[in-house]
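Close look at the chain arrangement
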Amino acid sequence: MMKRQKKVMLLAGAVLLVVVATTLGVMLGAGRAESATADATIRNDLVSQGLNVASVTEDEASGTLEVVISGKTGGSFGDAWAYTVIQREADFLAQSGALDVNWVEVTALDEQGKVTYQWSGPVSPRVRPVSTSVTPTALDTIKSELTSEGQSQGVTLKDLSLSSDQAQGTIVSVAASIAAPAGEQRDSQLRWATVELLGKLRDYVEGSSALRVDVYKISITDGSGAPLVDYVVDPSAKTVRAWMAPGITPVWATGRPSGEPAATTQVSGS
Amino acid sequence: MRKRLGCRLVLVVAAVVCVVIGLSGQALAAPFYAGNYRLPGYGVKADITTPSSMPTVTGGVAFNFVSNYDYGQYLQVGWVQGDGMTRAPDGIYWPTVPTSYEESRCNGNYFEVQYSAQQLNYTRTYEVVHIGSGTWQGIISSTPRYSFGPFTTPTQVEALTELAVSSQPHTRAAFTSVQYKGLYSYMPFNQNYERADNPPYASFSSYSNYTCYNGM
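Reading the values: rules and limits
- Residues numbered from 1 in each chain as written.
- Chains lettered and ligands numbered in written order.
- Predicted model: local features only at pLDDT ≥ 70, side-chain atom pairs only at ≥ 80, totals over all residues.
- Helix = DSSP H or I, 4+ residues; strand = E, 2+ residues; numbered from the N terminus.
- Buried ≥ 20, exposed ≤ 12 C-beta atoms within 10 Å, placed from the backbone.
- Contact = placed C-beta atoms within 7 Å.
- Nonpolar A, V, L, I, M, F, W, Y, C, P; charged D, E, K, R; others polar.
- Pairing = 2+ DSSP bridges.
- Expected span 1.5 Å × (residues − 1).
- Domains from an automatic or database assignment.
- pLDDT = per-residue confidence, 0-100.
- Axes fitted to C-alpha atoms, helices over the stretch in contact; angles between N-to-C directions.
- Core = buried A, V, L, I, M, F, W, Y, C linked by C-beta atoms within 7 Å.

1. Thoughts on the overall build of chain A
Helix and strand counts for chain A come out as five helices and nine strands. Traced from its N-terminal end to its C-terminal end, chain A shows the element sequence α-β-β-α-β-β-α-β-β-α-β-β-β-α. Burial status across chain A gives 35% buried among its 270 residues.

2. Describing the overall build of chain B
Broken down by element type, chain B carries one helix and 15 strands. Taken over 216 residues, chain B has a buried fraction of 54%. For chain B, the proportion of contacts with a sequence separation of at least 24, taken over those separated by at least 6, is 63%.

3. Concerning the interface of chain A and chain B
Residue-level contacts link 42 residues of chain A with 49 residues of chain B. Contributing elements (two or more residues each) for the side of chain A that touches chain B: strand 4 (115-122), helix 4 (184-208) and strand 9 (239-244) of chain A. No other element matches the seven residues that strand 4 of chain A contributes to the side of chain A that touches chain B. Each residue belonging to the side of chain A that touches chain B can be placed in one class, and the counts come to 19 nonpolar, 17 polar and six charged. Sheet topology places strand 4 of chain A next to strand 9 (residues 143-149) of chain B; three bridges connect them, and they run antiparallel. Across the sheet, residue W119(A) finds its bridge partner in strand 9 of chain B, namely F148(B).

4. So, the environment of N102(A)
Residues and elements named next belong to chain A. Mapped onto the fold, N102 is located in the loop between helix 2 (79-96) and strand 3 (103-109). N102 sits in the partly exposed class, given 15 other C-beta atoms within 10 Å. Separated by 13 residues in sequence, N102 and V115 have C-alpha atoms that sit 23 Å apart.

5. A few points about helix 3 (residues 140-153) of chain A
An ideal rise of 1.5 Å per residue puts 20 Å on 14 residues; helix 3 of chain A measures up with 20 Å between its terminal C-alpha atoms. Positive backbone phi, approximately 85 degrees, marks G154(A), located one or two places after helix 3 of chain A.

6. A short note on the domain arrangement of chain A
Where the parts come together, the accessible area they lose is often given as the size of the interface. Per the domain assignment, the segments of chain A are domain 1 (1-128) and domain 2 (136-244). The interface is formed by 11 residues belonging to domain 1 of chain A together with 13 residues belonging to domain 2 of chain A.

7. Digging into the confidence of the model for chain A
Residues and elements named next belong to chain A. Looking at chain A, the pLDDT average stands at 87 and 84% of residues meet or exceed 70. Contacts of residues 23-33 to residues separated by more than four positions or lying in other chains number zero contacts, the stretch itself having pLDDT below 50. Of the regions scoring below 50 in pLDDT, residues 263-270 engages in 13 contacts with residues more than four places distant in sequence or in other chains.

8. Details of the environment of V80(B)
Residue and element names in this part refer to chain B. Following the sequence through the fold, V80 ends up in strand 4 (residues 74-82). Distance in space between the C-alpha atoms of V80 and S167 is 15 Å, their sequence separation being 87 residues. Excluding residues within four positions of it along the chain, V80 makes contact with V61, F63, W94, T99 and Y101.

9. Quick look at the pairing of strand 5 (residues 155-165) of chain A
All names here are of chain A. Note: strand 5 against strand 6 (residues 169-178), 10 bridges, orientation antiparallel. Across the sheet, the residue bridging to S161 is S173, located in strand 6. Linking two consecutive strands that pair antiparallel, namely strand 5 and strand 6, is a turn of three residues.

10. Side note on unusual backbone geometry
In this model, N198(B) is joined to P199(B) through a cis peptide bond whose omega is 0 degrees. Considering the arrangement of structural elements, one finds P199(B) in the loop between strand 13 (195-196) and strand 14 (201-206). Along the chain, P199(B) connects to P200(B) via a cis peptide bond; the corresponding omega equals -10 degrees. Mapped onto the secondary structure, P200(B) falls in the loop between strand 13 and strand 14. Unlike most non-glycine residues, K238(A) shows phi in positive territory, near 60 degrees. Mapped onto the fold, K238(A) is located in the loop between strand 8 (227-234) and strand 9. According to the C-beta neighbour criterion, K238(A) is partly exposed, with 15 such atoms within 10 Å. Positive phi values are uncommon outside glycine, yet Y71(B) reaches one of about 45 degrees.

11. Observations regarding the sheet that holds strand 10 (residues 155-164) of chain B
The strands making up a sheet associate through hydrogen bonds between their backbones, and the pairing can be parallel or antiparallel. Pairing within the open sheet is mixed, and its 12 strands lie in the order 5(A)-6(A)-7(A)-8(A)-9(A)-6(B)-5(B)-4(B)-3(B)-10(B)-1(B)-13(B). Each edge of the sheet is formed by a strand with only one pairing partner; in this case those strands are strand 5 of chain A together with strand 13 of chain B. Sheet contacts for helix 3 of chain A: strand 5 and strand 6 of chain A; angle to strand 5 of chain A, the most-contacted strand, approximately 150 degrees. Where helix 4 of chain A meets the sheet, its contacts fall on strand 5, strand 6, strand 7 (215-222) and strand 8 of chain A, and the angle it forms with strand 6 of chain A comes to roughly 150 degrees.

12. Description of the nonpolar core
Generally speaking, soluble globular proteins have nonpolar side chains that are buried together. Membership of the largest hydrophobic core comes to 111 residues, with the highest contact counts inside it found for A90(A), A193(A) and F175(B). Looking at this core, the element that brings in the most residues is helix 2 of chain A, giving 10 residues. When residues no more than four places from it in sequence are discounted, the contact partners of A90(A) are L65(A), L99(A), V101(A), V104(A) and V123(A).

13. Details of helix 2 of chain A
Residues and elements named next belong to chain A. A rise of 1.5 Å per residue sets the reference length of helix 2, with its 18 residues, at 26 Å; its end C-alpha atoms lie 26 Å apart and thus fit the reference within 8%. Across the 18 residues that make up helix 2, a large majority, 16, are buried. Taken from the residues just after helix 2, G97 is the one with a positive phi, measuring 90 degrees.

Structural data, given as structure tokens:
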């Protein structure tokens, strides 16, 4: 009788183990499949917007979206745009529920697979802007003013356009060129072509016009068309991202940290 | 002979004028600092307090921050107050009330973001710290913010007041518990790199506790 009871208990235990293992397996398997689908969706989403994505992983345990970008040593024109798009997509997809993360981590690799740049930051869920039709001539007045002022500064405003993007909403794109060689004059022109131009543009767009712009994008080249600066502002997130060609310093930054203290410090007793 | 003397005089006057113009231009453009540094560190943090009354910020911008620094590469967090006439990198004028911000320049990439206002007579702990593989993170009042890298690590760290555009902005920031991170833990700033460009002025209680101010 006792033997029989033992047998039944053992059998019941084995059945229970099988049931638990199967349930766990199904749950984990489904989770992986779901995550893999989400990864592919986000990857396709970024690739369709022109980003050179090497991999996308949603780390559910840490709540992090990890994106690896294939780039080159020193980065390239378009990097600032790519990073802005990744941040915005993470925010939009988190809002829509397609992505369950609270952090985004981006790694840029060069041709040899070496990390050239890495950044991470919080995901702030927000609604994707609705793509609306825009009047291409809406910025003609300010374009004319800025073209004229640019000429007096030595900056050629090659293009200033308004467009509607299915994924990112309303975008103002500016293309400018600066012919001056490296030096104070070019720095002054770079400052005008970024922060001053942007300021006048935003004063107009967000002031007198009835436009709602989601992203401002400024591309600056030298006289031969070689890239100098790629500058992107996300007004609702209050972020500025820029890529700079070698030799360019962020002249648009008002403040900057102090260099070597030994050379400049007035040392006093304490 | 007289003609040659005249020519020389003109040249000397022209040279003096050039030097004066150059110096005044430099004085207008150069930032002014007060605070202390530590070499090297794996991180830096400080409690930075706003003044009890609103500063009069004219003709420039005042920054109060902690930062790492290596040959122009940096990550800094702190609070900023502008004159309402100087534009921030996003094209809008710097806020006229003390406001937290984060800024970085790393390997050809620039980033800047503004956070919430920091009310008067209020302290926030600002920190930038190495989190591995040359990546450093900004932290404000224990909340992790953006991280960037790779930076040379360990590197110079600093906790400073900066007057940008001109030396005019009034400001007052108490820097308390200014600490650098060694390999494993935080320790008070312990080196005599105290600086005050007068303005901004500084009153040092120790290497790790000081007040930087101008006009108030």
